[in-house]
Amino acid sequence: TGWTIGSGVEAALGGNWTGKIEYLYLNLGNQSGVGVHAFNSDVRAQVFRAGVNYRIGGNSVYAAAPVANWAGFYGGLNAGGATALNRSSGAVVGAPTESFNLSPDGYLGGGQIGYNLQAGALVYGLEADIQGATLRDNKNCLLTCVPGTAANFDQKLQWFGTVRGRLGYSLGSTLFYATGGLAYGNVKTRVQEA
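Residues numbered from 1 in each chain as written. Predicted model: local features only at pLDDT ≥ 70, side-chain atom pairs only at ≥ 80, totals over all residues. Heavy atoms only, no water.

(A) Local environment of the overall build of the chain. Looking only at helices and strands, one finds zero helices and 10 strands in the chain. The linear arrangement of helices and strands in the chain, starting from the amino end, is β-β-β-β-β-β-β-β-β-β. Relative to its 194 residues, the chain shows a buried fraction of 41%. In the chain, 66% of the contacts between residues at least 6 apart in sequence involve partners at least 24 apart. (Helix = DSSP H or I, 4+ residues; strand = E, 2+ residues; numbered from the N terminus. Buried < 20%, exposed > 50% of the residue type's maximum accessible area, 1.4 Å probe, protein only. Contact = heavy atoms within 4.5 Å.)

Okay, here's the thing in structure tokens:
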């Protein structure tokens, strides 16, 4: 578990449909393990995704007033990509520790649900999402690269989710927002002797 922060823009597409583009910085904390090789990795990812939402109930996004109506429940789908720069270290037990970076990257897709409240042009709410991901980095011959002391690292982020607050400002049919909250996910790191 960890935290996330980001921003995005959402715009009316017609009827109750909106489209959005979003950036999230995801911090899932540290992962460590001890075996023949000891390792530690700080798990961080940069997520870029686009999606669509459907606002449940109510009229179209356009209100009678110049400010758009963003209030209510919504749900949608998203897809995108992510890359990470996970500062890591490792060593054969009893040997000096070496530092390196693991850089899992790949694609993701999932869904989100949320609820917004609105006061004039100010929009605030809560959103939760769940993502399947293909982020992976499998580097060979890290550490000293001497047989018996080298290690192969295989790190995967297979899924993650967030629960976030959103705070935004509506300019007509476009909503600019900042977001942040709790992040959680499944990171697997396998270390094998090279």
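(B) Region of interest: the confidence of the model for the chain. Put simply, the chain has an average pLDDT of 86, and 84% of its residues get 70 or more. Per-element averaging of pLDDT across the chain places strand β5 (residues 86-92) at the bottom with 76 and strand β7 (residues 105-119) at the top with 96. (pLDDT = per-residue confidence, 0-100.)

(C) A look at the pattern of salt bridges. The final tally for this structure, using the stated rule, is 11 salt bridges. Close ionic contact of Glu-22 with Lys-20 constitutes a salt bridge, the shortest N to O distance being 4.0 Å. Accessibility classification places Glu-22 together with Lys-20 in one group, the buried group. What emerges from the salt-bridge pattern is a single network uniting Glu-10, Lys-20, Glu-22, Arg-49, Glu-127, Asp-129, Arg-164 and Arg-166. (Salt bridge = Lys/Arg side-chain N within 4 Å of Asp/Glu carboxyl O.)

(D) Molecular detail of the side chain of Thr-179. Along the chain, Thr-179 falls in strand β10 (residues 174-193). A residue is classified by how much of its surface remains accessible, and Thr-179, at 5% relative accessible area, is buried. Within the structure, Thr-179 has its side chain in polar contact with the backbone oxygen of Gly-165 (distance 2.8 Å). (Polar contact = N/O pair within 3.5 Å; in protein donor to acceptor, adjacent residues only side chain to side chain.)

(E) Layout of empty space enclosed by the protein. In the structure shown here, the tally under the stated rule is two cavities of 30 Å³ or more. Its volume calculated, the largest cavity comes out at about 70 Å³. Tallied by class, residues from the lining of the largest cavity come to three nonpolar, five polar and two charged. Of the pockets and cavities examined, the second largest cavity occupies roughly 50 Å³. Mapped onto the lining of the second largest cavity, the elements with two or more residues apiece are β3 (37-55) and β9 (151-171). No other element matches β3, which puts three residues into the lining of the second largest cavity. Residues of the lining of the second largest cavity, tallied by class, amount to seven nonpolar, two polar and one charged. (1 Å grid on protein atoms, 1.4 Å probe; cavity = no way out; pocket = protein on both sides within 12 Å on 5 of 7 lines; lining within 4 Å. Points joined across faces, edges and corners; volume = space filled by probe spheres on them. Nonpolar A, V, L, I, M, F, W, Y, C, P; charged D, E, K, R; others polar.)

(F) How the structure looks around the packing of aromatic side chains. Per the stated rule, a full pass over the model turns up five aromatic pairs. The lysine or arginine in question, Arg-166, covers the ring of Tyr-177, its NZ or CZ lying 4.4 Å from the ring centre. (Phe/Tyr/Trp six-rings, centres within 6.5 Å; stacked < 30°, edge-to-face > 60°. Lys NZ or Arg CZ within 6 Å of the ring centre and 35° of its normal.)

(G) Examining the side chain of Gln-112 more closely. As for its placement among the helices and strands, Gln-112 is situated in strand β7. The buried category is assigned to Gln-112, whose relative accessible area is 3%. At 3.4 Å, the side chain of Gln-112 forms a polar contact with the backbone oxygen of Val-52. A distance of 2.5 Å separates polar atoms of two side chains, one belonging to Gln-112 and the other to Asn-78. With sequence-adjacent residues up to four places away left out, Gln-112 is seen in contact with Lys-20, Val-52, Asn-53, Tyr-74, Gly-75, Gly-76, Leu-77, Asn-78, Glu-127, Ala-128 and Asp-129.

(H) Seen up close, a nonpolar patch on the surface. Side chains of Leu-13, Trp-17, Val-52, Tyr-54, Ile-56, Phe-73, Leu-77, Tyr-115, Leu-117, Leu-122, Tyr-124 and Leu-167 sit close together on the surface and give an oily, nonpolar patch of about 1200 Å² of accessible area. Elements with a minimum of two residues in the nonpolar patch: β3, β4 (72-84), β7 and β8 (122-142). Its location among the elements puts Phe-73 in strand β4. (Patch = residues over 30% accessible without salt bridge, like charges linked within 9 Å, V, L, I, M, F, W, Y side chains within 5 Å. Areas by Shrake-Rupley, 256 points an atom, 1.4 Å probe, with all protein chains shown as cover.)

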